[in-house]
Amino acid sequence: LEADKVGNVRALDVKDGTILWDTFLNTSEAPWLYPVGNELVLCKADESLTALSAGDGSILWSYEYNLPNPFQVISDDRSLFAVLDSTISGYEYYSGYGSGGSKTVDMNIYVLNTATGEIVSPLEFPDDPYHIYVNTSDRVYEYGGDFSDDNSCLAAALPTQPEDQQSLLIFKGDLAKKEVSCIGTYGSHPDMILGLALSADQHSCYAALTDSKVLYSVIVYEDPDQESAVTEIDYSMSSAMGMDSLDYSNVGRPFHPMLVSDHLVL
């Protein structure tokens, strides 16, 4: 499977390179591709999440975003996919000089069934008390999270900007109760969120981040009596792979290591 920058998604025969099918999705950037068994391929672009048939490339279902963004989380068994979107919950109109109005925008995490595209668990931030900040134009800012092993819980990270003070929100969503709770915040806005893993007891999260091209990890505890632990990762790990010379501001698709439990895989 391959995808180009304008949204052409192709399936190739690995033996001779023959194109088996070619589907055009008309996206602004090359979508991320997630094969789900032998049945379908999920194509995540900033504007939409689309499921294509693995057999012929036909579109099975598609979810269009109100808020274009790169947020994406997929479960280990690939049955669930979480997306970030927004809804307008109200509109306040005012008259007089410069008359107009203001919208009340709520941020939501929607967990979709990958087979059908159905929303199985909406996780809402009413009135967005955390002031979630999403950069919709720069793909360097990648946001994500982790499902629990039994798919009952989702943990994720998003940057916030309350009163011009940037921070990182680590939150947890209970899929059965459809409730969101804040695990903790970290008082910095990293250059990029490389990955996030939920602990087995679901009470803490391991986050791998970059700041000024330095790798570091943050452990955030749900227990308010425990402060977030920050550890700078040995920089030789990144320089050995040439990451020390990588200019994050000029890449269309950032480097993506994997975070497995409390282990960062580069």
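Just so it is clear, the structure is predicted and the values come from calculations on it, not from any experiment. (Residues numbered from 1 in each chain as written. Predicted model: local features only at pLDDT ≥ 70, side-chain atom pairs only at ≥ 80, totals over all residues. Heavy atoms only, no water.)

### Here we look at the overall build of the protein
Link 1 in the chain: Helix and strand counts for the protein stand at one helix and 21 strands.
Link 2 in the chain: Taking all 266 residues of the protein together, the buried fraction comes to 45%.
Link 3 in the chain: For the protein, restricting intrachain contacts to residue pairs at least 6 apart in sequence, the fraction spanning at least 24 positions comes to 42%.
Link 4 in the chain: Approximately 13400 Å² of the protein is accessible, and the part contributed by carbon and sulfur atoms is 47%. (Helix = DSSP H or I, 4+ residues; strand = E, 2+ residues; numbered from the N terminus. Buried < 20%, exposed > 50% of the residue type's maximum accessible area, 1.4 Å probe, protein only. Contact = heavy atoms within 4.5 Å. Areas by Shrake-Rupley, 256 points an atom, 1.4 Å probe, with all protein chains shown as cover.)

### Quick notes on the environment of alanine 45
Link 1 in the chain: Tracing the backbone through its elements, the reader meets alanine 45 in the loop between strand E5 (40–44) and strand E6 (48–53).
Link 2 in the chain: With relative accessibility at 3%, the residue alanine 45 sits in the buried group.
Link 3 in the chain: Along the chain, alanine 45 and glutamine 72 lie 27 residues apart, while their C-alpha atoms are 9.6 Å from each other.
Link 4 in the chain: If we ignore the near neighbours within four places in the chain, the residues touching alanine 45 are Thr27, Pro31, Tyr65 and Asn69.

### Structural notes on the pattern of salt bridges
Link 1 in the chain: Under the counting rule described, the total for this entry stands at four salt bridges.
Link 2 in the chain: Here arginine 10 makes a salt bridge to glutamate 2, at a shortest N to O gap of 3.3 Å.
Link 3 in the chain: In this structure glutamate 2 comes out as partly exposed when scored by relative accessible area, which is 33%.
Link 4 in the chain: Across the pair aspartate 4 and arginine 10 runs a salt bridge whose closest N-O atoms are separated by 3.4 Å.
Link 5 in the chain: Classification of aspartate 4 as partly exposed rests on a relative accessible area of 21%.
Link 6 in the chain: Residue classification places arginine 10 among the buried positions, given a relative accessible area of 18%.
Link 7 in the chain: When salt bridges with common partners are traced through the structure, they connect Glu2, Asp4, Arg10 and Asp22 into a single cluster. (Salt bridge = Lys/Arg side-chain N within 4 Å of Asp/Glu carboxyl O.)

### Examining the confidence of the model for the protein
Link 1 in the chain: Looking at the protein, the pLDDT average stands at 77 and 72% of residues meet or exceed 70.
Link 2 in the chain: Under a pLDDT of 50 for its full length, residues 98–102 has, in the predicted model, 14 contacts with residues more than four places off or in other chains.
Link 3 in the chain: Every residue in residues 236–262 is under pLDDT 50, and counting partners more than four places away or in other chains gives 54 contacts. (pLDDT = per-residue confidence, 0-100.)

### A short note on the pairing of strand E7 (residues 59–64)
Link 1 in the chain: Where E6 meets E7, five bridges bridge the pair, whose relative direction is antiparallel. Opposite serine 48, over in E7, you have glutamate 64 as the bridge partner.
Link 2 in the chain: Between E6 and E7, which pair antiparallel in sequence order, lie five residues; one of them, glycine 57, sits at a positive phi of approximately 80 degrees. (Pairing = 2+ DSSP bridges.)

### A short note on the sheet that holds strand E14 (residues 167–174)
Link 1 in the chain: In space, the four strands of this open sheet follow the order E12-E13-E14-E15, with antiparallel pairing throughout. The sheet is open, and its two borders are formed by strand E12 (145–147) and strand E15 (179–186), each paired with just one other strand. If you compare each strand with its neighbour and ignore which way they point, the axes differ by 20 degrees on average.
Link 2 in the chain: Sheet topology note: the E12/strand E13 (residues 153–160) ladder contains three bridges and is antiparallel. Along E13, the bridge assignment pairs aspartate 146 with alanine 155. (Axes fitted to C-alpha atoms, helices over the stretch in contact; angles between N-to-C directions.)

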